[in-house]
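# Topology and contacts: notes
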Amino acid sequence: MKIFLDTANLDEIRRGVEWGVVDGVTTNPTLISKEGKPFEETIKEICNIVQGPISAEVISLNFEGMIDEARNLAKIDENIVIKIPMTPNGIKAVKVLSKEGIKTNVTLIFSPNQALLAAKAGATYVSPFVGRVDDLANDGLKIVEEIMQIYENYGFETEVIVASVRHPMHVLEAALIGADIATVPFSVLEKMFKHPMTDLGIERFLKDWEKYKTGR
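Here the residue numbers are simple positions, counted from 1 along each chain's written sequence. Given that the model is predicted, a residue must reach a pLDDT of at least 70 before its local features are reported, and side-chain atom pairs must reach 80 or more before they are shown or counted; all residues, however, enter totals for whole chains, interfaces and linings. Only hydrogens and water are removed before side-chain values are computed, so all heavy atoms of the structure are retained for them.

## Regarding the pairing of strand E6 (residues 125-128)
For every residue, the accessible area obtained with a 1.4 Å probe (protein chains only) is divided by the maximum for its type, and the residue is called buried under 20%, exposed over 50%, and partly exposed between those limits. Starting at the N terminus, helices and strands are each numbered in turn, a helix being any DSSP run of H or I of at least four residues and a strand any DSSP run of E of at least two. Of the two faces of E6, the one holding Tyr125 and Ser127 and the one holding Val126 and Pro128 are both buried throughout. As paired elements, strand E5 (residues 104-109) and E6 share 3 bridges and run parallel to each other. Paired with Ile109 across the strands is Pro128, a residue of E6. Read from E5 through helix H6 (residues 112-120) to E6, the crossover connection turns out right-handed. Strands are treated as partners if at least two bridges between them are detected by DSSP. By convention, a crossover is right-handed whenever its connection, traced from the first strand over the helix to the second and viewed with the strands pointing away, goes clockwise.

Spelled out as structure tokens, the structure:
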């Protein structure tokens, strides 16, 4: 399973890349606004750090605006993926952009039917929001499982990005389902490294080594 970072913070992205486990990045207007830098400048800097898919989201909700923004964003770097909301205009734009060879990520997916429409339009990726589905007392990972089954049934090449990840268990469950990608906040990536038994094991090894060196 590929792991993307869901952030626009350059320091977090650099650290994730240095660890050797980050395959791409997803951003949205909220994440970029937190960094206080111009939109395109931020996207360009991320592209200079990560050699993998970088999702950049359109702001327009009308078809023509989405197409114009998508074409301009796609010129920034060959790794740019255009993030488009799950709406009729969005799906219409995905159909056009896919024919032009522009990669797309349909976001704000909350049902398998939405994912089916996105795949039929030629989306490169879909992003089901598991955390937000869980917030509504539903099973977000169950939706991912159903999407994966539908795609397998019909041979769709659209990849599933598990989004709105809240904790490492979301990543684990996504991996067990066989999801293509999980996009995670940096804090979740950090937690994936941790286990109390690992810390105890390191502590014990160091104590034993000190005893060995001192002969006591």
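More follows now that the structure is in view.
## Points about the packing of helix H1 (residues 10-19) against helix H3 (residues 39-49)
A fitted line through C-alpha atoms serves as each axis, taken over the contacting stretch for helices, and the angle formed by two N-to-C directions is quoted from 0 to 180°. Relative orientation of the contacting elements H1 and H3 amounts to 15 degrees, with a least axis distance of 10 Å. Taken together, the axes of H1 and H3 lie roughly parallel to each other. Considering the relative orientation of H1 and H3, their crossing is right-handed. Residues Leu10, Ile13, Arg14 and Val17 of H1 touch H3, and the partners they reach there are Thr42, Glu45, Ile46 and Ile49. Under this grouping Gly is polar, as are all residues other than the nonpolar Ala, Val, Leu, Ile, Met, Phe, Trp, Tyr, Cys and Pro and the charged Asp, Glu, Lys and Arg. Split by residue class, the contact of H1 with H3 holds 5 nonpolar, 1 polar and 2 charged. Throughout, the term roughly parallel applies to angles under 35 degrees, roughly antiparallel to angles over 145, roughly perpendicular to angles from 65 to 115, and oblique to all others. The handedness criterion is simple: a crossing whose near helix is rotated anticlockwise from the far helix by less than a right angle is left-handed, and one whose near helix is rotated clockwise is right-handed. Here, two residues are considered to be in contact whenever any of their heavy atoms come within 4.5 Å of each other.

## Considerations on the sheet that holds strand E2 (residues 24-26)
Spatially, 8 strands are ordered E1-E2-E3-E4-E5-E6-E7-E8 in a closed barrel, and the strand pairing comes out parallel. On average, each strand axis in the sheet is inclined to that of its neighbour by 30 degrees, with strand direction left out of account. Relative to strand E8 (residues 181-184), strand E1 (residues 2-6) is paired through 4 bridges, and the arrangement is parallel. By the bridge assignment, Lys2 is partnered in E8 with Ile181.

## Details of the environment of Tyr151
Tracing the backbone shows Tyr151 in helix H8 (residues 140-154). Judged by relative accessible area, Tyr151 falls into the buried class, the value being 4%. Each C-alpha atom of the pair Tyr151 and Gly101 lies 21 Å from the other, and the pair is 50 residues apart in sequence. Each residue touching Tyr151, except ones within four places of it in the same chain, is listed here: Ala115, Leu116, Ala119, Val126, Phe156, Thr158 and Val160.

Treat this as a map of the structure, not an account of what it does.
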